[in-house]
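# Coordinates in review
Take a look at the letters that make up each chain.
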Amino acid sequence: MNIIKMIKGLVVAAIISAFSFAAYAADSKKPTRIPVHNWSSQIVMANVLGQVFEELGYSVEYVPAESITRYEAVRIGDLHIAHETWESTMALPFYEAMDKGGLIDAGSHNLITFEEMGFPNWILDEGLCPGLPSWEALKSPDCAANFATADSDGKGRWLEGPIEWHGDVMPNRLKGLGIDDLWTVKFAGSADALWAELKAAKAEGRGTVIFNWSPNFTDAAGFTFIDFPPYYEGCRIENGGTWETTGCGSPKGWLKKAAHIKFPLSHPDAYKFYTKMSFTAPQIGEMANNVDNLGMNHAEAAAAFIANHRDQIDLWKR
Ligand code: TMO
């Protein structure tokens, strides 16, 4: 190759990389886009991340999003992160987006997650459904009758979370277990409606089964998950299972952090913090508790959390 051509090539390469460096530098001025959903720990952690990203010199936009469709948004870069990715309800859209390209796995939090139907412990003391927490107790018509509500057609009611969280999993569970003649699923409009239901059932002295999850503030508040037949990969209808297998319970799972593939280039200090950040179960319980029991708003709850864990946060910022 002649030397002139080689020099020309080098100059062109230098110009291209200068341009792309400038492009990424310009991207760093654009806000980091953080999704907010409809349960407290997720929103508080969004604010923790936002406040730390601001400390690192970035600007922040909080973007209302749905928990399932946000993985496509992360994939195409409309969102930079999905910081609470629960295995039981979000693994499918997470891996689908990864398969298409554009979403990366930025590590896991330091805990085990569980999302399952359960009940407040006072129901055991009142004897409303002898045999709980085994699911077999739900086969008793006397038990189901104690969990009926005005909208449940005389059946016992399971109060699910909002339907956008995981669609038909629980109605399919009842069918799979063969107890849909005794129990029916209603969907709550919000997480707050679940906590309101716990209070209402207690006040009315009736049984209640609600969807709940761990880590959450209820870990410290006398709540028990029902024991269903064990989960295994593929048991649910939407994972290829059958009506014989979809009665399976939920998996004990991970809590992952997803990121848009260009986030490390556009906002490197934010990305580095994000990959180091790994919360424990009590810490996520604390985020939820700050809002759901202590009555802080989400920004206040995040500021209080950061103040309470300042040394840890500063280590992750280095
Ligand atoms: C998605 N959630 C943690 C509320 O189950």
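Use the structure listed above.
Here goes a summary of the coordinates provided. (Residues numbered from 1 in each chain as written. Predicted model: local features only at pLDDT ≥ 70, side-chain atom pairs only at ≥ 80, totals over all residues. Heavy atoms only, no water.)

Scanning the chain from terminus to terminus reveals 14 helices and ten strands. With the C-alpha coordinates aligned to their principal axes, the bounding extent of the chain is approximately 90 × 45 × 30 Å. The buried share among the 318 residues of the chain stands at 48%. Long-range pairs, those at least 24 residues apart, make up 73% of the contacts in the chain with a sequence separation of at least 6. (Helix = DSSP H or I, 4+ residues; strand = E, 2+ residues; numbered from the N terminus. Buried < 20%, exposed > 50% of the residue type's maximum accessible area, 1.4 Å probe, protein only. Contact = heavy atoms within 4.5 Å.)

Below, the discussion takes up the site of the ligand. As a structural note, the neighbourhood of the ligand is formed by Trp39, Trp86, Met90, Glu115, Trp165, Phe211 and Trp213. In the environment of the ligand, an oxygen atom lies 2.5 Å from a nitrogen or oxygen atom belonging to the side chain of glutamate 115. For the ligand, the accessible surface in isolation is 210 Å², of which the surrounding protein chains cover 100%. Here the residues of the shell around the ligand sort into six nonpolar, no polar and one charged. (Near = heavy atom within 4 Å. Polar contact = N/O pair within 3.5 Å; in protein donor to acceptor, adjacent residues only side chain to side chain. Areas by Shrake-Rupley, 256 points an atom, 1.4 Å probe, with all protein chains shown as cover. Nonpolar A, V, L, I, M, F, W, Y, C, P; charged D, E, K, R; others polar.)

All right, on to the packing of helix H12 (residues 281-292) against helix H13 (residues 298-308) then. When two helices pack together, their arrangement is given by the angle between the helix axes and by the axis-to-axis distance. Where H12 meets H13, the closest approach of the two axes is 9 Å, and the angle between their N-to-C directions is 140°. One finds that H12 runs oblique with respect to H13. Taken as a pair, H12 and H13 cross one another with a handedness that is right-handed. From H12, Gln283, Glu286, Met287, Asn290 and Val291 reach across to H13, where they touch His298, Ala301, Ala304, Phe305 and Asn308. In terms of residue class, the contact of H12 with H13 is built from five nonpolar, four polar and one charged. (Axes fitted to C-alpha atoms, helices over the stretch in contact; angles between N-to-C directions. Parallel < 35°, antiparallel > 145°, perpendicular 65-115°, else oblique. Left-handed = near helix turned anticlockwise from the far one by under 90°.)

Within the open sheet, the five strands sit side by side as S7-S6-S8-S5-S9. Their pairing is mixed. At either margin of the open sheet sits one strand with a lone partner, and together these are strand S7 (183-187) and strand S9 (223-225). The sheet shows a mean angle of 40° between the axes of neighbouring strands, direction not considered. Bridging between strand S5 (residues 114-120) and strand S8 (residues 209-214) involves five bridges; their strand directions are antiparallel. Note that in S8 the partner of phenylalanine 114 across the bridge is serine 214. (Pairing = 2+ DSSP bridges.)

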